[in-house]
Every structure is written in structure tokens, then in C-alpha cells.
Amino acid sequence: MKLILLLSLGILSLSLLAKAQDAAQYSLRPLPDSLYGVTIDRTDKLSKILDSLRRLSKRPTTRIVFDEFVAAREYQVATNAIFNVSYVMGELLDSFYVNKYSVTDYEKRAQEYTSLLKNKVDLWEVGNEINGEWLGTTPDVVTKITKAARVVKQAGGRTAITLYYNPNCYAKPSNEMFTWAGTNINTELKGLIDYVLVSYYEEDCNGYIPNWQQVFDRLAQIFPGKKLGVGECGTKKSSKKKALVQRYYSMKVTTPNFIKGNFWWYFWQDMVPYKNSLWTTLNETIRNN
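Note that the structure is predicted; figures quoted are calculated from it, not measured. (Residues numbered from 1 in each chain as written. Predicted model: local features only at pLDDT ≥ 70, side-chain atom pairs only at ≥ 80, totals over all residues. Heavy atoms only, no water.)

Caption draft 1: The pairing of strand β4 (residues 123–127), seen in detail. Buried residues dominate β4, accounting for 5 of its 5 residues. Sheet topology note: the strand β3 (residues 87–91)/β4 ladder contains 3 bridges and is parallel. Bridging across to β4, Met-89 finds its partner in Leu-123. Pairing analysis gives 3 bridges linking β4 to strand β5 (residues 159–164), with the strands arranged parallel. Residue pairing across strands places Trp-124 opposite Thr-159, the latter belonging to β5. (Buried < 20%, exposed > 50% of the residue type's maximum accessible area, 1.4 Å probe, protein only. Helix = DSSP H or I, 4+ residues; strand = E, 2+ residues; numbered from the N terminus. Pairing = 2+ DSSP bridges.)

Caption draft 2: Structural detail: the sheet that holds β5. The strand order β1-β2-β3-β4-β5-β6-β7-β8 describes a closed barrel built from 8 strands, whose pairing is parallel. Pairs of neighbouring strands in the sheet enclose a mean axial angle of 25°, with direction left out of account. (Axes fitted to C-alpha atoms, helices over the stretch in contact; angles between N-to-C directions.)

Caption draft 3: Focus on the nonpolar core. Core analysis: the largest hydrophobic core is formed by 82 residues, its most contacted members being Trp-212 and Leu-219. Ranked by the residues each element gives to this core, the list is headed by helix α5 (residues 138–154), at 7 residues. Core analysis: the second largest hydrophobic core is formed by 10 residues, Leu-35, Met-89, Leu-197 and Ile-259 among them. (Core = buried A, V, L, I, M, F, W, Y, C linked by side-chain atoms within 4.5 Å.)

Caption draft 4: Representation of the confidence of the model for the protein chain in the model. The share of residues in the protein chain with pLDDT of 70 or more is 91%, and the mean pLDDT across the chain is 93. The model gives residues 1–24 a pLDDT under 50, and that stretch makes 4 contacts with residues more than four places away or in other chains. (pLDDT = per-residue confidence, 0-100. Contact = heavy atoms within 4.5 Å.)

Caption draft 5: Spatial organisation of the pattern of salt bridges. What the rule picks out here adds up to 12 salt bridges. Arg-63 is the salt-bridge partner of Glu-91, the closest N and O atoms lying 2.5 Å from each other. One end of the pair, Glu-91, is in strand β3; the other, Arg-63, is in strand β2 (residues 61–65), with 28 residues separating them in the sequence. Overall, Glu-91 belongs to the buried group, its relative accessible area being 0%. Between Lys-153 and Asp-194 there is a salt bridge whose closest N-O contact spans 2.9 Å. Here Lys-153, found in helix α5, pairs with Asp-194, found in the loop between α7 (187–192) and β6 (195–199); they are 41 residues apart in sequence, far enough to count as distant. Taken together, the salt bridges that share partners define one network made up of Arg-63, Glu-91, Glu-125 and Glu-232. (Salt bridge = Lys/Arg side-chain N within 4 Å of Asp/Glu carboxyl O.)

Here it is, written out as C-alpha cells:
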């Protein structure tokens, strides 16, 4: 019996040591106080993506959208390359596919991606537009995000969630951003999250232009001490793109811990290759802000 107990303790010690060593191997580089974010939802034309990123006047943070039902190994080459010219935020799964994954499968996805790509991802977006009505039942959504955040934190990584801002354009009052966040993000989940970001598309809300100072001041009350920023923006309307880029990337918000962000969704479509007017608009705007 003593021998069995000693062997069990030895196995447990080795397991804990392996986990500690694994976490220690996740060497996080510092992130700046201001993030100049862009989003790529595809990684083909990689050399042109890299060229567009490295030529920006300030080192960007590239949000890579990891597609649904695609293995992490398919992103290894692109993530490694982008890591060398940019900070990297990995979006574990786009909001529109969260309801396609069970709680168990969502956690397994977090484990797979974190295990393979963790040393090349500076920040993990463990939940995207999490209060959207289309993600599934709220208890399932909260459980998925919590389990994914645990996986990342146990590996020694940074975590982010993105809320969907929906002023007067929600389908259900319970999914209004502030209501949902205040009701459903419990103490444990708050403790697991480092960044709280906001996705907003003006066209989804009848062209409403928010008072971002008020939005982030209110979020700071719900999430004291967390980094705050815009996690997704953009427009499909060509005539509005330039003005929107200029407005969002020059946004002035004085809320403590505001990190800018923005993460223009259409970077691949609008600014790759870099020799176009919208890339120039982005470059000039972030140079001056």
C-alpha cells in the first residue's frame, strides 16, 4: 500500500512539474499601452499581409480569426510569420459559430490552439461578441468562455473577451450589452479576463454614433482594473470606409486602462496589399495618434 501511495505521489508530482514547466515556457512579451489593431479573417497571400503589417508606422496588433472546424496546425506558419512583424491576438472562434460547438468541444478547441500556438499569440480572445443572441443559451456561452479562459490562464497566457455593443438594436433586452455583462459575467470569469473589448458596427444600429467616453467609463465600473478597448469595427460601404478609419483610430478616450484597439475587420480586404489609399489612411491616422 505504501509503495502504491509513493508511486501515486511521484506521478502527481511529475504531472504538476510538467504543468509548471509548460506554463513557464509560455514567455509573454510585453504589450504596449496602446494597441493599433487590425483583423485578418484569412491568411492567404501571406507575403502581402506581412508587407502591409510591417510597413505601418506603428507596430500593429493583428487579430487572426481562427476559422471554425479548422485544425490549429493550419495556422501555424501564418501565426509564426505574423508574430515576427506584429503583436498577435488570436480569436478562438468567431461568434457566429459558437453555437456549433458543444461546451466540451469548445474547451478542446481552446486546448488544441493554446497548446500549439501559445508562444506566438500575445493575447487570446476566448469569447467573441459574447452577448449576441445568436451564440446560443447564455449558460452555455458563459461556461464555454470560462473553460477556454481557464485553459489559457493555466498555460500562462493573456485573455480577452469581446462584447457586442447594441444600443437600442438588440433583439432581446436581456442581451443589451451592459445588462448582459452585469448579469452574467460572474466573479470567476472576471478574474480570468485581462482585456474587455467592444465590437460595434454602426450600420447594425441605424448609424448611431456612440459617446465612447461614456461607454468605456461605464464598462470600467463593471470591470475595474481591466484593459478596455474597441475589439472590432468596420463597414462594407466603400464610401464610408475612409471616414470611419479616421474616426475610430483617432478616438480620444480618457478612461483609465483604455488601450484603443479597433481591429478593423476588413484589413485583408481593404489594406492588403499596402499600395492603396485606405492603407495610407490607416497608416497616417495611427502615425498621428
